[in-house]
Amino acid sequence: MKRGYLKGIGDGVFKCVCAVRQLSIILKEEVEIQVAESEFEKMSVLGVTIHNGKDNLDALVYVMDDINQPIIESVECEQFIYYFSQFFSIKDTDFTNKVEKYLRENGLYKQLKMFNKLKIDIAVATKNNVADYMPRYLHIAHTNFCNAQCIMCTHYFLKNKHAKHLDERMLDKFDEFLPYAEILTLHGTGEPFMDKNILKTLAAAEKYGVQIVTNTNLSYLSDELFGYVSRIFKQLNVSCDGANKEIFESIRKNICFETFENNLAKLRTISDQVLLCMASVAMRQNILTLPEMVRFAKKYGFKRIAFNCLKAYKEIGNYEDELINYPNVASRSFHECLKVGEELGIEVLVPEDMLLDNEDNELISMEIQKMKEVEAKASDNNQEELSKKNKDMELTEVPQVYDKESALYNCDGICDWLAEKPYIDIDGNVAICCFNKTVIVGNVFETPIREIINSPVYKSWRQAFYDNQMPMHCGHCQFVQNGTLERLKVYDKK
């Protein structure tokens, strides 16, 4: 007797049971079919067995339809997919490629995305370093033009010198990428809504059923842009460092606070459709007002506000604006932010390493006095001087070619970025991830993305993870540190 377990839900499981029963009759070989308890009652008449464990199975069958997708497991027995009323082995790449081709040619993009994810799950479960699929998530740096001159940013003194928009050839590449992609994240060091091709990019995303995630200073929100935000955006991160005109405009120079608030009011009308997140840089200039920022975000329908500490630029010389100089003031303010967030029902993310168990009131007074005595760096004369001094500085980092081995850490699984999230810079260069974006492994204008994600470097990095070892320079990644990678668990150093 053959023993098999069916994993799935709904009518698909019922149809699969019928198909297995018919197959057993044709082959004249009895098959004991096990299903989950939730499916047992209505199918007991078909001679199925309630789930009593999956040990010593001959086969594990995943039932898939256009709504429900199974989670592939790492097991020793044969594994099959039941889809389109057919069984096929997860190792049968010829059949999966035929299904993918059928979905692609018939414009069934929703089903194609689900099937593409299934292929990724199979590769991860079987620890296959070959990517027989397309990326689920695309991170594309599409502009470094910005209309703001924030005092903590290189745009403060570079303005838009050397800036450029996404290469227009990328619009043609979207037909290669987007049918398979679920999320398109628009990165860059500029303002995304200023990109001259932003409407064409969003139109392509809508055509292929792709959701958008991006950051914006929200200084510009036309009716056409707002329409796209309401229809296809999954998450919009809005940069804001002050809850009143004085602080806001003193930090985000060239941005009008009244215009910003008007655009926030428009967004509030669709806050149930789009995840609105406020992103704030915490620094000396605004640290005492951060709790008010939480109230401000809640007022305009934001579900989350995330505070990140300022990192000084050596070119600006704003080291005295960093909060490491005022630890007690920072800790008290962040604790108050968490308290206000809990009271109002808004998620608040703060740098946990800045939270002290107890703040010293005497030191708080001393730190506040120290903050008042700092000479302001942001002035017209200072800005012009920095602009001349750094006139040859580039807005983007210089790409490097990765060609050496790294020390390794212990881990289980694989980094999400290596599995399904390439980073593409403004010139079409593909990097391992957004953290290692200077590690270039190909260019989409020269090589198809399928070939790039199967380059020797990509495959060797995947294999390292599948060997439970993580490259050392991944250890400082924020996603590794905060444990938000879905496919990876990180342990101690070797």
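Residues numbered from 1 in each chain as written. Predicted model: local features only at pLDDT ≥ 70, side-chain atom pairs only at ≥ 80, totals over all residues. Heavy atoms only, no water.

*Asks:* It is not clear to me how the overall build of the chain should be interpreted in this structure. Could you clarify?
*Replies:* When you go through the chain residue by residue, the secondary structure sums to 18 helices and 22 strands. Considering only C-alpha atoms, the chain reaches an extent of 90 × 50 × 50 Å along its principal axes. A burial count over the chain gives 51% of its 494 residues as buried. A separation of at least 24 residues holds for 70% of the contacts in the chain among residues at least 6 apart in sequence. Surface summary for the chain: the accessible area is close to 24100 Å², and the carbon and sulfur share equals 49%. (Helix = DSSP H or I, 4+ residues; strand = E, 2+ residues; numbered from the N terminus. Buried < 20%, exposed > 50% of the residue type's maximum accessible area, 1.4 Å probe, protein only. Contact = heavy atoms within 4.5 Å. Areas by Shrake-Rupley, 256 points an atom, 1.4 Å probe, with all protein chains shown as cover.)

*Asks:* Before we go on, may I ask you to explain the sheet that holds strand S1 (residues 2-7) in this structure?
*Replies:* Sheets are built from strands paired through backbone hydrogen bonds, the pairs being either parallel or antiparallel. Strand order in the open sheet made by the six strands is S3-S2-S1-S4-S5-S6, with mixed pairing throughout. Since the sheet does not close on itself, it has two edges, and those belong to strand S3 (49-50) and strand S6 (86-89), each with one partner. Alignment of strand S5 (residues 78-83) against S6, held across four bridges, turns out to be antiparallel. Within S6, the position partnered with Phe 80 by the bridge is Ser 89. (Pairing = 2+ DSSP bridges.)

*Asks:* Sorry if this is basic, but what is going on with the environment of Asn 97 here?
*Replies:* Considering the arrangement of structural elements, one finds Asn 97 in helix H3 (residues 93-105). In this structure the C-alpha to C-alpha distance between Asn 97 and Asn 116, which are 19 residues apart in sequence, comes to 9.9 Å. Those residues in contact with Asn 97 that sit more than four places away from it in its chain are Lys 119 and Asp 132.

*Asks:* How do you make sense of the pattern of salt bridges when you look at a structure like this?
*Replies:* Two side chains bearing opposite charge may form a pair once their charged atoms approach each other closely. Taken as a whole, this structure holds 23 salt bridges when the rule is applied. The salt bridge partner of Arg 136 is Glu 182, with a shortest N-O separation of 2.8 Å. Taken together, the residues Arg 136 in the loop between helix H4 (109-125) and strand S7 (137-141) and Glu 182 in the loop between helix H6 (169-177) and strand S9 (183-187) connect sequence positions 46 residues apart. One salt bridge in this structure joins Glu 420 and Arg 487, with 3.1 Å as the shortest N-O distance. You can see Glu 420 sitting in helix H15 (residues 416-420) and its partner Arg 487 sitting in the loop between helix H18 (478-481) and strand S22 (488-493), a full 67 residues away along the chain. The burial state of Glu 420 is the same as that of Arg 487; both residues are buried. Shared partners join several salt bridges into a network, and the residues in it are Lys 117, Asp 121, Arg 136, Glu 182, Glu 420 and Arg 487. (Salt bridge = Lys/Arg side-chain N within 4 Å of Asp/Glu carboxyl O.)

*Asks:* Can you help me understand helix H11 (residues 290-299) in this one?
*Replies:* Turning to H11, its buried residues number three or more, namely Leu 290, Pro 291, Met 293, Val 294, Phe 296 and Ala 297. If you follow the buried residues of H11, they end up packed against helix H10 (257-268), strand S13 (275-282), strand S14 (304-309), helix H12 (327-344) and strand S15 (347-349). Where H11 terminates, the next one or two residues include Gly 301, which has phi positive at roughly 80°.

*Asks:* Explanation requested: the packing of H6 against helix H7 (residues 198-207) in the structure shown.
*Replies:* The axes of two packed helices give the description: the angle between them and the distance between them. Their axes nearest at 10 Å, the elements H6 and H7 cross at an angle of 10°. Taken as axis vectors, H6 and H7 run roughly parallel relative to one another. Across from Leu 171, Phe 174 and Asp 175 in H6, the residues of H7 making contact are Lys 200, Thr 201, Ala 204 and Lys 207. (Axes fitted to C-alpha atoms, helices over the stretch in contact; angles between N-to-C directions. Parallel < 35°, antiparallel > 145°, perpendicular 65-115°, else oblique.)

*Asks:* Mind showing me how you'd approach the side chain of Thr 96 here?
*Replies:* Along the chain, Thr 96 turns up in helix H3. Among the polar contacts made by the side chain of Thr 96, one reaches the main-chain carbonyl oxygen of Thr 93 at a distance of 2.9 Å. In contact with Thr 96, not counting residues within four places along its chain, are Phe 88, Phe 115, Lys 119 and Asp 132. (Polar contact = N/O pair within 3.5 Å; in protein donor to acceptor, adjacent residues only side chain to side chain.)

*Asks:* Got a minute to help me understand the pairing of S7 in this structure?
*Replies:* Within S7, five of the five residues are buried, which leaves it mostly tucked inside the rest of the structure. Alternating residues of S7 divide into Tyr 137, His 139 and Ala 141 and Leu 138 and Ile 140, and every residue in both groups is buried. The pairing of S7 with S9 spans five bridges and is parallel. The partner of Ala 141 across the bridge, within S9, is His 187.

*Asks:* Before we go on, may I ask you to explain unusual backbone geometry in this structure?
*Replies:* The phi angle of most residues is negative, glycine excepted, and most peptide bonds adopt the trans form. Its identity as a non-glycine residue notwithstanding, Ser 85 has a phi of 60°, on the positive side. Take Ser 85: it is sitting in the loop between S5 and S6. Judged by relative accessible area, which is 58%, Ser 85 ranks as exposed.

*Asks:* I keep staring at the packing of aromatic side chains and nothing clicks. Help me out?
*Replies:* What characterises a pair of aromatic rings is the spacing of the ring centres plus the angle enclosed by the ring planes. For the structure shown, the criterion picks out 14 aromatic pairs. Taken together, a centroid distance of 4.7 Å and an interplanar angle of 50° make the contact between Tyr 82 and Phe 87 tilted. With a relative accessible area of 7%, Tyr 82 lands in the buried category. Taking relative accessible area as the criterion, Phe 87 reaches 31% and is therefore assigned partly exposed. Each residue in the set Tyr 83, Phe 84, Phe 88, Phe 95, Tyr 102 and Phe 115 is aromatic and connected to the rest through ring pairs, giving one cluster. (Phe/Tyr/Trp six-rings, centres within 6.5 Å; stacked < 30°, edge-to-face > 60°.)

*Asks:* Any chance you could explain empty space enclosed by the protein here in plain terms?
*Replies:* In this approach, a probe sized like a water molecule rolls over the atoms, and the result shows the empty space that is left. Here the structure, examined in full by the defined rule, presents three cavities of 30 Å³ or more. Roughly 110 Å³ of internal volume is contained in the largest cavity. Within the residue set of the lining of the largest cavity, elements represented by two or more residues are H15, helix H17 (456-466) and H18. Looking at the lining of the largest cavity, its residues break down into 16 nonpolar, one polar and no charged. (1 Å grid on protein atoms, 1.4 Å probe; cavity = no way out; pocket = protein on both sides within 12 Å on 5 of 7 lines; lining within 4 Å. Points joined across faces, edges and corners; volume = space filled by probe spheres on them. Nonpolar A, V, L, I, M, F, W, Y, C, P; charged D, E, K, R; others polar.)

Everything listed here is a matter of coordinates, which is why it stays silent on function.
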